[in-house]
Number of protein chains: 2
Amino acid sequence: MGVRELGLPERIGSTDSLPSKVTIWEVGPRDGLQNEAEVVPVEVKLEFLDRLAGAGLTTLEATSFVHPKWVPQLADAEEVLARLHRHDGVRYPVLVPNERGLDRALAADVTHIAVFASATETFARRNLNSGLDAQFAMFEPVIGRAREAGLDVRGYVSMCFGDPWEGAVPPEQVVAVGKRLLDAGCSQLSLGDTIGVATAASVERVLDAFTEAGVTIGDLAVHFHDTYGQALANTLAALRKGVTTVDSSAGGLGGCPYAESATGNLATEDLVWLLDGLGVEHGVDLDALVETSVWMAGKLGRPSPSRVVRALAG
Amino acid sequence: MGVRELGLPERIGSTDSLPSKVTIWEVGPRDGLQNEAEVVPVEVKLEFLDRLAGAGLTTLEATSFVHPKWVPQLADAEEVLARLHRHDGVRYPVLVPNERGLDRALAADVTHIAVFASATETFARRNLNSGLDAQFAMFEPVIGRAREAGLDVRGYVSMCFGDPWEGAVPPEQVVAVGKRLLDAGCSQLSLGDTIGVATAASVERVLDAFTEAGVTIGDLAVHFHDTYGQALANTLAALRKGVTTVDSSAGGLGGCPYAESATGNLATEDLVWLLDGLGVEHGVDLDALVETSVWMAGKLGRPSPSRVVRALAG
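Report follows, based on the coordinates.

Reading guide: rules and limits
Residues numbered from 1 in each chain as written. Chains lettered and ligands numbered in written order. Predicted model: local features only at pLDDT ≥ 70, side-chain atom pairs only at ≥ 80, totals over all residues. Heavy atoms only, no water. 1 Å grid on protein atoms, 1.4 Å probe; cavity = no way out; pocket = protein on both sides within 12 Å on 5 of 7 lines; lining within 4 Å. Points joined across faces, edges and corners; volume = space filled by probe spheres on them. Helix = DSSP H or I, 4+ residues; strand = E, 2+ residues; numbered from the N terminus. Nonpolar A, V, L, I, M, F, W, Y, C, P; charged D, E, K, R; others polar. Axes fitted to C-alpha atoms, helices over the stretch in contact; angles between N-to-C directions. Parallel < 35°, antiparallel > 145°, perpendicular 65-115°, else oblique. Left-handed = near helix turned anticlockwise from the far one by under 90°. Contact = heavy atoms within 4.5 Å. Polar contact = N/O pair within 3.5 Å; in protein donor to acceptor, adjacent residues only side chain to side chain. Buried < 20%, exposed > 50% of the residue type's maximum accessible area, 1.4 Å probe, protein only. Pairing = 2+ DSSP bridges. Right-handed = clockwise from strand over helix to strand, strands pointing away.

### What to know about empty space enclosed by the protein
- All told, the structure shown has three cavities of 30 Å³ or more when counted by the stated rule.
- Elements represented by at least two residues in the lining of the largest cavity include exactly helix H9 (231–240) of chain A together with helix H9 (231–240) of chain B.
- In terms of residue class, the lining of the largest cavity is built from twelve nonpolar, twelve polar and six charged.

Encoded structure:
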């Protein structure tokens, strides 16, 4: 028994302002797996990607070309991409941190990449070994060369709603970083709540700052972590502001190692449940997705943190 | 590091329509504990109530006068109320299912009671051994006598957003049950999503149906379960409709035995985090509350399901 059997509600009240269709940007294979201590076999990763595409997800962040020393879990990026069963109509973006990563991505015939920027000085120094301004010296050549090669580039902006060292992050600072990524050639920004401290109000504040600065809401995606239980409420706030791309991770896999708890990414299943209830199209077969997450949880040896997975598979 | 250190956001965008202050109706001591298999000692319940009041909660649903055969956990209702350390300005409502329960409540000098109705035929039969219409024969004398004795009466309406046997519940049916409780003398309704299937859209639909029927939004409370991860998003939707009373359970204790998973009540800590972020007053000291939930989790022998408790206590 679920929201599906209860019938889709009519659109009324403030849900009138919701988008009719949302693109789910599935980050499980990359962001979800990257912090797993034990290396997941390539065969499992390939089956995971295949099952996710089979469940109707059309954007699968497949892997990362970060240096294997930093993320040993994704050292098999070339092999994953070479052996990938590509589904029609599915995009397989990969994370590319620098020019060396771009070279690897180009050699692997990737068509969509994502770069990873910081909205704060401290995180830029700690995570990128750079600085708030200096980071662009790293990204701009990557974005430029990728665009010249005909690739689509997404720009992640992390720590958009708060930083564990700096506290509150001024929205104007987030906008400045984001606009510079767009100006450099990114087609979309993913605004990351890397440590899970966003609430509905700060989500609105940051989104409003972007639209006031002339950025189209359709060029913004949101990426929430459920550290303090706010991910889905934040998503609702973003949808009402017109956001049409939402990042999530099948089964709620993953999370930021800098956060104070292991609670990670917004679970795709919980997002799908919300969208079903709101009558927003997403194209995902929830049963197939839940089966995939249960299977993956078995491979990882621990239960999914997704409420929907636990409820439907329990 | 938390939303508090990040500073309260300015009110902008659609958060303008939020209430400035919310009353948290803490149900942990009653709804949270009632399904615990092992009986919690009276001393623990008393300390739990004392700590919750000390953390700033002003409405504590203390216990229930349901027959001890059905809820052995709360068979000590008289003793709890007799030995309770009552804080100034704190209400201690108790659940009263029938006239026998009311007799016990009156003998215990209770000033606030709550009755428990069903929005559906099947749940009325299964849980109340009655029927959708017949249940009022049970409640109306309870409410009438309680009001004559000067007591305040809250009316719970369960299965407002979906029923495991009947599926979707017509909002008009929920409104009919609710209005009859108000007409009988209830001062407030608590609209329960007993199995956790509500989404933001159905919340708005039911609340709109009440206001269209002439019920004041201030007379409505919401009671969400996090079975499918939607409790906080639903709360946000309700706040935006003007609801000013939200039920929650410290540490996320409890849940409905009819749900498909053990995931229970909205955690008070997660609610407080949301309200802090939205700049909505609530009067609760989050640190003291988290300490209380960690202490209670130790007594129950398992970790709190609250994301905020896990993150802050981790």
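### As for the packing of helix H6 (residues 135–148) of chain A against helix H7 (residues 171–184) of chain A
All names here are of chain A.
- Contact pair H6 / H7: the axes reach a minimum separation of 9 Å and the direction vectors enclose 30 degrees. As judged from the angle between their axes, H6 and H7 are roughly parallel. Our pair here, H6 against H7, has a crossing hand that is right-handed. The residues of H7 that touch H6, namely those facing Gln135, Phe136, Phe139, Glu140 and Ile143, are Val177, Arg180, Leu181 and Ala184.
- Its residues assigned to classes, the contact of H6 with H7 comprises six nonpolar, one polar and two charged.

### A word on the side chain of A:Arg154
All names here are of chain A.
- Its location among the elements puts Arg154 in strand E6 (residues 152–158).
- Side chain to side chain, Arg154 and Gln188 meet in a polar contact 3.0 Å long.
- Other than its neighbours up to four places away in sequence, Arg154 contacts Trp25, Glu61, Ile113, Ala114, Val115, Cys186, Gln188, Ser190, Ala221, Thr245 and Asp247.

### Observations regarding H9(A)
- Burial of H9(A) is extensive: ten of the ten residues sit out of reach of the surface.
- Those residues of H9(A) not exposed but buried are A:Ala231, A:Leu232, A:Ala233, A:Asn234, A:Thr235, A:Leu236, A:Ala237, A:Ala238, A:Leu239 and A:Arg240.
- Buried residues along H9(A) sit in contact with helix H8 (200–212), strand E8 (220–223), strand E9 (245–248) and helix H10 (268–278) of chain A together with helix H8 (200–212) and H9 of chain B.
- Just beyond H9(A), the residue with positive phi is A:Gly242, at close to 100 degrees.

### A look at the pairing of strand E7 (residues 188–192) of chain B
All names here are of chain B.
- Buried residues dominate E7, accounting for five of its five residues.
- Here E7 shows no split at all, with Gln188, Ser190 and Gly192 on one side and Leu189 and Leu191 on the other all buried.
- Bridge analysis of strand E6 (residues 152–158) against E7 gives four bridges, and the strand direction is parallel. Pairing of Gly155 across the sheet is with Leu189, part of E7.
- Following the chain from E6 across helix H7 (residues 171–184) to the adjacent parallel E7, one finds a crossover that is right-handed.
- Here E7 pairs with strand E8 (residues 220–223) via four bridges, running parallel. Bridging across to E8, Gly192 finds its partner in His223.
- As a crossover connection, the stretch from E7 through H8 into E8 is right-handed.

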